[in-house]
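# Architecture at a glance
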Protein chains: 2
Amino acid sequence: MSNLFPEFTNHLRRFIKLDDDELKAVLSFMRPLSVKKKSFLLNEGQICRSNFFTEKGCLRMLFIDAKGVEQTTQFAIEHWWLADYMSFTNQSPAQFSIQAVEHSEVLALDYDLQEKLLAAVPQMEQYFRIVFQKAVAASQLRMMYTNDLSREDMYRFFVRSFPEFVQRIPQYMLASYLGFTPEYLSELRRKIA
Amino acid sequence: MSNLFPEFTNHLRRFIKLDDDELKAVLSFMRPLSVKKKSFLLNEGQICRSNFFTEKGCLRMLFIDAKGVEQTTQFAIEHWWLADYMSFTNQSPAQFSIQAVEHSEVLALDYDLQEKLLAAVPQMEQYFRIVFQKAVAASQLRMMYTNDLSREDMYRFFVRSFPEFVQRIPQYMLASYLGFTPEYLSELRRKIA
DNA sequence: CGCGGGTTTGATGATGCTCAAGCCCGGTGG
DNA sequence: CCACCGGGCTTGAGCATCATCAAACCCGCG
């Protein structure tokens, strides 16, 4: 059981206590997906029907800005959850798309199964409370960094914080995540090297 | 009971079912505070010991940037929760301060009481899960707006979205919340009027 | 009445964007 | 196996946006 989806199982057990039956029950609600590089799990305009857990690989959330340019707002690597939570919560059309950055193994928790899961295994209410609380904490910090640091310092900071991850993604995704153009990122790289 | 803290009571009942005894139990964990304009509920460097619910008035979260300038990252008006969630979750020193923008009535839920509350009234686990899920949804949207809109459009958008709220706060707070200088905000106002 | 925090004004200049062109490299089809 | 194609990265010139700094002003509060 525990080696079926090791990242997810570990993540669960990091935050809540579950016996083997409960774990088995939880996993029975999760829908495993193999998604290949560049394929989409959600398209803008659709309803976000699932909350996605990245077991392996990397997802990103993006939208098309007023000028028609892709803007990446989040990445989800191993053991992160990702969804357009406005769309997911209200089952309304999504403003974002979700795409696999690389080949990924994902666990999808569908909206209409979530309430059954929460009823079947009440600890999951606590699990998600903790997951979301941490997500809010992270977004508060991110907000601080984006206000405090210049574009150049943002880049330096990101590279120092996630040196291995920078290798995994194309520059244009990182540029839009950090809030600037690929041209400017290219200029920064030259300047720094 | 229900008219003691009407905003909080309504908010609870909007998301979970509680009978009168449970409501009473919940309220017994909340510490009411009357805070006057400009006083601080949390100072950078301290540990954030409480999660704050705004019953009446307005709080803001802020930090001092590298140049020594105050930057506002969030407001919490009636029926919003606010805390430095990194500090609160880990009981580690806060990066942010929290200040009353105007005279406010606040309910504080202390860190060490929260677990007792969650044990006493398990529905509260669900309540906070929903509250945090909505907070994540809001921050995803905010991220989209800040990437998509120019500073000028940000300002227009904010004023159109919260016309009454703009009246309640000084310009310099709004400027830093929107990510620009008071001087530039002043210029924008003149230009638009 | 005077003080001081907050807002306005304007000049100057840096940061980072736009646009256009060229280049590099990996994948695909002939 | 090679040639080509195209996506992504680089380069550079010109420019817009918005910050900085300094000064004056306004007005609410003590």
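Everything in this summary refers to the structure shown in the same document.

Conventions adopted
Counting starts from 1 at the beginning of each chain's written sequence and moves along it residue by residue. As a convention, the first chain written is A and the first ligand written is 1, with the rest following in written order. Confidence filtering applies because this is a predicted model: local features only for residues at pLDDT of at least 70, side-chain atom pairs given and counted only at 80 or more, and all residues used for totals across whole chains, interfaces and linings. Computation of side-chain values: all heavy atoms of the structure, hydrogens and water removed. Helix numbering and strand numbering both begin at the N terminus, where a helix is a DSSP run of H or I of at least 4 residues and a strand a DSSP run of E of at least 2. Any two residues having at least one pair of non-hydrogen atoms within 4.5 Å are treated as being in contact. Neither His nor the chain ends is counted toward charge; the positive residues are Lys and Arg and the negative residues Asp and Glu. The atom standing in for a charge is NZ when the residue is Lys, CZ when it is Arg, CG when it is Asp and CD when it is Glu. Using a 1.4 Å probe, buried area is obtained as the accessible area two parts lose upon being combined, added over both of them. In what follows, salt bridge is the name for a side-chain nitrogen of Lys or Arg lying within 4 Å of a carboxyl oxygen of Asp or Glu. Pairs of N or O atoms within 3.5 Å make up the polar contacts considered here, provided that, within protein, one atom can donate a hydrogen while the other can accept it, and that residues adjacent in sequence are counted only when both atoms are side-chain atoms. Nonpolar cores were defined as sets of buried Ala, Val, Leu, Ile, Met, Phe, Trp, Tyr and Cys residues, with membership established by side-chain atoms within 4.5 Å. A 1.4 Å probe rolled over the protein chains alone gives each residue an accessible area, and that area as a share of the maximum for its type sets the label: buried under 20%, exposed over 50%, partly exposed in between. Near, as used in this document, describes a residue that has one of its heavy atoms within 4 Å of the molecule or strand being considered. Each residue is assigned to one class: nonpolar for Ala, Val, Leu, Ile, Met, Phe, Trp, Tyr, Cys and Pro, charged for Asp, Glu, Lys and Arg, and polar for all the others, Gly among them. Following DSSP output, two strands are said to pair if at least two bridges run between them. Angular values range over 0 to 180 degrees, each being the angle between N-to-C directions of two axes fitted as lines to C-alpha atoms, with helices fitted over their stretch in contact. When the copies are overlaid, the least-squares fit takes in C-alpha atoms only where the residue has pLDDT of at least 70 in both copies. Angles are sorted into four bins: roughly parallel if under 35 degrees, roughly antiparallel if over 145, roughly perpendicular if 65 to 115, and oblique for all others. Should the near helix be turned anticlockwise from the far one by less than a right angle, the crossing is left-handed, and should it be turned clockwise, the crossing is right-handed.

## Considering the overall build of chain A
If you tally the helices and strands in chain A, you get 9 helices and 8 strands. Projected onto its principal axes, the C-alpha coordinates of chain A cover approximately 55 × 35 × 30 Å. In chain A, 69% of the contacts between residues at least 6 apart in sequence involve partners at least 24 apart. Each charge class in chain A was averaged separately, 23 positive and 23 negative side chains, and the resulting centres sit 5 Å apart.

## Regarding the interface of chain B and chain A
Facing 36 residues of chain B, the contacting portion of chain A comprises 37 residues. Buried surface at the junction of chain B and chain A, both sides included, amounts to about 3,400 Å², of which 64% is carbon and sulfur. The residue glutamate 125 of chain B makes a salt bridge to arginine 129 of chain A at a minimum N-O spacing of 2.6 Å. On the surface where chain B and chain A come into contact, there are 10 residue pairs in polar contact (both at pLDDT 80 or more). Contributing elements (two or more residues each) for the side of chain B that touches chain A: strand 4 (58-64), strand 5 (70-77), helix 3 (85-90), helix 4 (111-120) and helix 5 (123-148) of chain B. When residues of the side of chain B that touches chain A are assigned to their parent elements, the largest contribution, 19 residues, is made by helix 5 of chain B.

## Description of the nonpolar core
With 89 residues, the main nonpolar core has Phe8 of chain A together with Phe8 of chain B as its most contacted residues. Here the element with the most residues in this core is helix 5 (residues 123-148) of chain A; it accounts for 9 residues. Sequence-distant contacts of phenylalanine 8 of chain A, defined by excluding residues within four places in its chain, comprise Val26, Leu27, Met30, Phe53, Glu55, Trp81, Leu107 and Tyr127 of chain A.

## Regarding the pattern of salt bridges
Evaluated as defined, the whole model comprises 16 salt bridges over all chains. Two residues, glutamate 102 of chain A and arginine 168 of chain A, come together in a salt bridge whose shortest N-O distance is 2.7 Å. With a gap of 66 residues between them, glutamate 102 of chain A in the loop between strand 7 (97-100) and strand 8 (104-110) and arginine 168 of chain A in helix 7 (residues 163-168) connect regions that are remote in the sequence. Two residues, lysine 191 of chain B and glutamate 152 of chain B, come together in a salt bridge whose shortest N-O distance is 2.7 Å. Here glutamate 152 of chain B lies in helix 6 (residues 151-161) and lysine 191 of chain B lies in helix 9 (residues 182-192), a separation of 39 residues in the sequence.

## A word on the protein's contact with DNA strand D
Around DNA strand D sit 15 residues in total, of which Gln171 and Ser186 of chain A together with Lys67, Arg151 and Tyr184 of chain B are the nearest. Close to the protein, within 4 Å, the atoms of DNA strand D belong to sugar or phosphate groups at a rate of 81%. Contacts to DNA strand D include serine 186 of chain A, whose side-chain N or O atom sits 3.0 Å from a phosphate oxygen. Elements with a contribution of two residues or more to the surface near DNA strand D: helix 8 (171-178) and helix 9 (182-192) of chain A together with helix 9 of chain B. In terms of residue count, helix 9 of chain A provides more of the surface near DNA strand D than any other element does, 4 residues in total. In terms of residue class, the surface near DNA strand D is built from 4 nonpolar, 4 polar and 7 charged.

## Concerning the sheet that holds strand 4 (residues 59-64) of chain A
Residue and element names in this part refer to chain A. Strand order in the open sheet formed by 4 strands is 2-7-4-5, and the pairing between neighbours is antiparallel. Two strands close off the open sheet at either side, each with one partner strand: strand 2 (40-42) and strand 5 (70-76). Across the sheet, the mean angle from the axis of one strand to that of its neighbour is 30°, orientation sign disregarded. Where strand 2 lies against strand 7, 2 bridges are found, and the strand directions are antiparallel. Within strand 7, the residue paired with phenylalanine 40 across the bridge is glutamine 99.

## Examining the relation of the copies chain B and chain A
With an axial shift of 0.0 Å and an RMSD of 0.0 Å, the rotation relating chain B to chain A amounts to 180°. Expressed as a symmetry operation, the mapping of one chain copy onto the other fits a two-fold axis. Every residue of chain B has its C-alpha some distance from the rotation axis, and the shortest such distance is that of arginine 129 of chain B, at 2.0 Å. Mapped onto chain A, 100% of the interface residues of chain B again fall at the interface, so both copies present the same surface.

## Notes on the sheet that holds strand 5 of chain B
All names here are of chain B. Taken together, the 4 strands give an open sheet; going across it, the order is 2-7-4-5, and neighbouring strands pair in antiparallel fashion. Lying at the two open borders of the sheet, with one neighbouring strand each, are strand 2 (40-42) and strand 5. The average undirected angle you get between the axes of adjacent strands in this sheet is 30°. When strand 4 meets strand 5, the two strands line up antiparallel, connected through 7 bridges.

## Points about the packing of helix 6 (residues 151-161) of chain A against helix 9 of chain A
Residue and element names in this part refer to chain A. The contact between helix 6 and helix 9 brings their axes to 11 Å, and the two run at 70°. Looking at the two axes, helix 6 sits roughly perpendicular to helix 9. Crossing angle aside, the handedness with which helix 6 passes helix 9 is right-handed. Two secondary-structure elements touch here, helix 6 through Arg151, Glu152, Tyr155 and Arg156 and helix 9 through Tyr184, Leu185, Leu188, Arg189, Lys191 and Ile192. Class assignment for the residues of the contact of helix 6 with helix 9 results in 5 nonpolar, no polar and 5 charged.

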